[in-house]
Amino acid sequence: KNEVEQSPQNLTAQEGEFITINCSYSVGISALHWLQQHPGGGIVSLFMLSSGKKKHGRLIATINIQEKHSSLHITASHPRDSAVYICAVRMGGGSQGNLIFGKGTKLSVKP
Amino acid sequence: GAGVSQSPSNKVTEKGKDVELRCDPISGHTALYWYRQSLGQGLEFLIYFQGNSAPDKSGLPSDRFSAERTGGSVSTLTIQRTQQEDSAVYLCASSLKGLAGGSTYEQYFGPGTRLTVT
């Protein structure tokens, strides 16, 4: 049983489209991360949030703690947004150091 | 400023040999994490260091895996008697602090070391 589920697994969009990637989790968490992994393998942290909403440029991340759900939105998508987007959660309580990762959503934006 | 660096970037080794992977975290970051990503698989936590505290080793897959962090900075991940299933990209990340009173800090990832065991 995966504690972090992402949907969709794969997503193809046309340039300019509004994109939503979803993440659901089954454990209590202290924080949720959205990561971006480019085809070359490099990983960049996009957001870390524990409540509400964060925005950075064309990216918006929201989290609903009660529903154990987070979404990553990309407005006015561009081919350079093509990457794997990974949701990861840090469990609440204790001193666990580990992140639990979703399997990622592979996004391809066509020009 | 410099980000997290890892070396080597690629390592090919024969089954049964030992390997050492190195991570240089961002200066001043007290927390350091090791993860791995096997081909076609998601990321998997291995080990976490926070300051002088005992490391969280809960993610290490077997006793062939060990890691140390000297002087609170550079970390080395050692895999003894490598097996083909150890082939993966090993990623290191650091953050300003780790978990403190429930807080958490953003992690910065290194470029990874691609390990291939033949």
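Residues numbered from 1 in each chain as written. Chains lettered and ligands numbered in written order. Predicted model: local features only at pLDDT ≥ 70, side-chain atom pairs only at ≥ 80, totals over all residues. Heavy atoms only, no water.

K.L.:
How would you explain the nonpolar core if you had to name every residue and give the values?
P.N.:
Of all hydrophobic cores here, the largest spans 25 residues; its most connected members are Leu32(A), Trp34(A), Phe47(A), Leu72(A), Tyr85(A) and Val89(A). Sorting the residues of this core by element identifies β3 (19-25), β4 (29-37), β5 (43-49), β7 (59-64), β8 (69-74), β9 (83-91) and β11 (105-110) of chain A as the ones contributing at least two each. Excluding residues within four positions of it along the chain, Tyr85(A) makes contact with Gln6(A), Ile21(A), Leu35(A), Gln36(A), Leu46(A), Leu72(A), Ile74(A), Gly104(A), Thr105(A) and Leu107(A). If you look at the next biggest cluster of nonpolar residues, it comprises 20 residues, including Cys23(B), Leu77(B), Leu115(B) and Val117(B). (Core = buried A, V, L, I, M, F, W, Y, C linked by side-chain atoms within 4.5 Å. Buried < 20%, exposed > 50% of the residue type's maximum accessible area, 1.4 Å probe, protein only. Helix = DSSP H or I, 4+ residues; strand = E, 2+ residues; numbered from the N terminus. Contact = heavy atoms within 4.5 Å.)

K.L.:
Before we move on, can you summarise the pattern of salt bridges with the specific residues and values?
P.N.:
All names here are of chain B. For the coordinates displayed, the defined rule picks out five salt bridges over all chains. Two residues, Glu-44 and Arg-36, come together in a salt bridge whose shortest N-O distance is 2.9 Å. Judged by relative accessible area, Arg-36 falls into the buried class, the value being 9%. Where Arg-64 meets Asp-86, a salt bridge forms, and the shortest distance between an N and an O atom there is 2.8 Å. Pair noted here: Arg-64 is in the loop between β5 (43-50) and β6 (65-69) and Asp-86 is in the loop between β7 (75-79) and β8 (88-95), with a separation of 22 residues, a long-range link. (Salt bridge = Lys/Arg side-chain N within 4 Å of Asp/Glu carboxyl O.)

K.L.:
Describe the state of the cysteines, naming the residues involved and giving the relevant values.
P.N.:
Applying the stated rule across the entire model yields two disulfides over all chains. Linked covalently through their sulfurs, Cys23(A) and Cys87(A) form a disulfide whose S-S length is 2.0 Å. For the disulfide bridge between Cys23(A) and Cys87(A), the dihedral angle about the S-S bond is near -65 degrees, and by the sign convention the bridge is left-handed. Here the residue Cys23(A) occupies a position in strand β3, and Cys87(A) occupies one in strand β9, the gap between them amounting to 64 residues. With a relative accessible area of 0%, Cys23(A) lands in the buried category. Here Cys23(B) engages in a disulfide with Cys92(B); their sulfurs sit 1.8 Å apart. Its S-S torsion of about -65 degrees marks the bond between Cys23(B) and Cys92(B) as left-handed, since a negative value means left-handed. With Cys23(B) in strand β3 (residues 19-24) and Cys92(B) in strand β8, this residue pair connects regions lying 69 residues apart in the sequence. In this pair, the class of Cys23(B) matches that of Cys92(B), namely buried. (Disulfide = S-S within 2.5 Å.)

K.L.:
An account of the layout of surface pockets is needed here, citing residue identities and associated values.
P.N.:
Counted as a void, the largest pocket has a volume near 670 Å³. Forming the boundary of the largest pocket are 31 residues, of which Gln37(A), Gln37(B), Ser38(B), Gly40(B) and Gln41(B) lie nearest the centre. Secondary structure elements with two or more residues in the lining of the largest pocket: β9 of chain A together with β8 and β10 (113-117) of chain B. Residue contributions to the lining of the largest pocket peak at four residues, all from β10(B). A breakdown of the residues in the lining of the largest pocket according to their chemical character gives nine nonpolar, 19 polar and three charged. (1 Å grid on protein atoms, 1.4 Å probe; cavity = no way out; pocket = protein on both sides within 12 Å on 5 of 7 lines; lining within 4 Å. Points joined across faces, edges and corners; volume = space filled by probe spheres on them. Nonpolar A, V, L, I, M, F, W, Y, C, P; charged D, E, K, R; others polar.)

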